[in-house]
Amino acid sequence: MLITLEGLDGSGKTTVWEALHDVYPDALFTREPTDSWYGDAVYRSIDDDDADPLAELFLYTADHADHLANTVRPALDEGRLVVSDRYSDSRFAYQAATIAASDADVARPLEYVRGIHSAFSRPPDATIYLDLDARTAADRAGRTNKLERDGYLSAVRKNYERLVEAEPERFVRIDATRSPEAVIDSVERALADILDE
Ligand SMILES: Nc1ncnc2c1ncn2[C@@H]1O[C@H](COP(=O)(O)OP(=O)(O)O)[C@@H](O)[C@H]1O
Ligand SMILES: Cc1cn([C@H]2C[C@H](O)[C@@H](COP(=O)(O)OP(=O)(O)O)O2)c(=O)[nH]c1=O
């Protein structure tokens, strides 16, 4: 089973992901961007304020394709639980926002980015969405790069809302404004329910 953690920068995904290691010691814990050279290319692009939005989308997507083929699918084929800190919804929410704010001639960015994935990707079985307002997210993340700005994160959050609305059965929304302990507790309960079904 493939479980993904999604939310804005600073919403607490990595904190939750680390806490889950003790609860599911046999699971594969992974993340996007990955630590492969594709992931390195993605981080170079994040640090480039002038990166072309479409070029950036395809870098993230290349990293995802490699992650899927060499990490996620092999573990799923062995019947393991896979928990990924960010996955395809991050592209749908973030790159759709970047493309919409650019002068790229793409009429429906979110649908376009989804469409690129539909040919080859493997959707998550369930997605934990850590819901946090853009300002608190940017405060927590520290506004260290072009992605961690309140206005941009508001647009990303709207896209996440559209994704949740489109597939309410896949998403579990967690209120991420609460303490780390309360958030971790809610995620652990939600995951126990999902894995029980
Ligand atoms: N529920 C929370 N309340 C307050 N601060 C938090 C909470 N969860 C995480 N943090 C802090 O916010 C920052 C970002 O958390 P992190 O887990 O790295 O988020 P993400 O992986 O979503 O960017 C870290 O400094 C972390 O200690
Ligand atoms: C996986 C992924 C990440 N990102 C962005 C979100 C983050 O700002 C940045 C780095 O991801 P990450 O290291 O997960 O950041 P954080 O822990 O702060 O949430 O990459 C995308 O824009 N698209 C994607 O597909």
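Here is what the cut-offs are and how they apply
Residues numbered from 1 in each chain as written. Chains lettered and ligands numbered in written order. Predicted model: local features only at pLDDT ≥ 70, side-chain atom pairs only at ≥ 80, totals over all residues. Heavy atoms only, no water. UniProt positions renumbered as here; feature names shortened; annotations may be inferred. Near = heavy atom within 4 Å. Polar contact = N/O pair within 3.5 Å; in protein donor to acceptor, adjacent residues only side chain to side chain. Areas by Shrake-Rupley, 256 points an atom, 1.4 Å probe, with all protein chains shown as cover. Nonpolar A, V, L, I, M, F, W, Y, C, P; charged D, E, K, R; others polar. Helix = DSSP H or I, 4+ residues; strand = E, 2+ residues; numbered from the N terminus. Phe/Tyr/Trp six-rings, centres within 6.5 Å; stacked < 30°, edge-to-face > 60°. Buried < 20%, exposed > 50% of the residue type's maximum accessible area, 1.4 Å probe, protein only.

As recorded in an unreviewed UniProt entry, the protein chain goes by the name Probable thymidylate kinase, listed as coming from Halorubrum alkaliphilum. As recorded by UniProt, the Sequence similarities (unreviewed entry) comment attached to the protein chain reads in full: "Belongs to the thymidylate kinase family." The record held by UniProt for the protein chain lists under Catalytic activity (unreviewed entry) the comment "dTMP + ATP = dTDP + ADP".

So, on to the site of ligand 1. In the vicinity of ligand 1, the residues found are Leu8, Asp9, Gly10, Ser11, Gly12, Lys13, Thr14, Thr15, Arg140, Arg178, Ser179 and Pro180. A distance of 2.6 Å separates an oxygen atom of ligand 1 from a polar atom in the side chain of Lys13. In this structure, a nitrogen atom belonging to ligand 1 sits 3.3 Å away from a side-chain N or O atom of Arg140. Alone, ligand 1 offers 560 Å² of accessible surface; in the complex the protein occludes 64% of this. Looking at the shell around ligand 1, its residues break down into two nonpolar, six polar and four charged.

The next subject is the site of ligand 2. Around ligand 2, the surrounding shell holds 15 residues, and the nearest of these are Asp9, Arg31, Arg86, Arg91 and Gln95. The separation between an oxygen atom of ligand 2 and a polar side-chain atom of Asp9 is 2.4 Å. Protein chains shield 90% of the accessible area of ligand 2, which is 540 Å² for the free molecule. Mapped onto the shell around ligand 2, the elements with two or more residues apiece are helix 1 (13-23), helix 2 (37-46) and helix 4 (88-100).

With that settled, the discussion passes to the packing of aromatic side chains. One pass over the structure, following the stated rule, counts five aromatic pairs. Aromatic side chains Trp37 and Tyr38 sit 3.9 Å apart centroid to centroid with 25° between the ring planes, which places their arrangement in the stacked category. The class of Trp37 is exposed, set by a relative accessible area of 59%. According to the relative accessible area criterion, Tyr38 is partly exposed, its value standing at 25%. An aromatic cluster is defined as three or more aromatic residues linked by ring pairs; in this entry it consists of Tyr94, Tyr129, Tyr152 and Tyr160.

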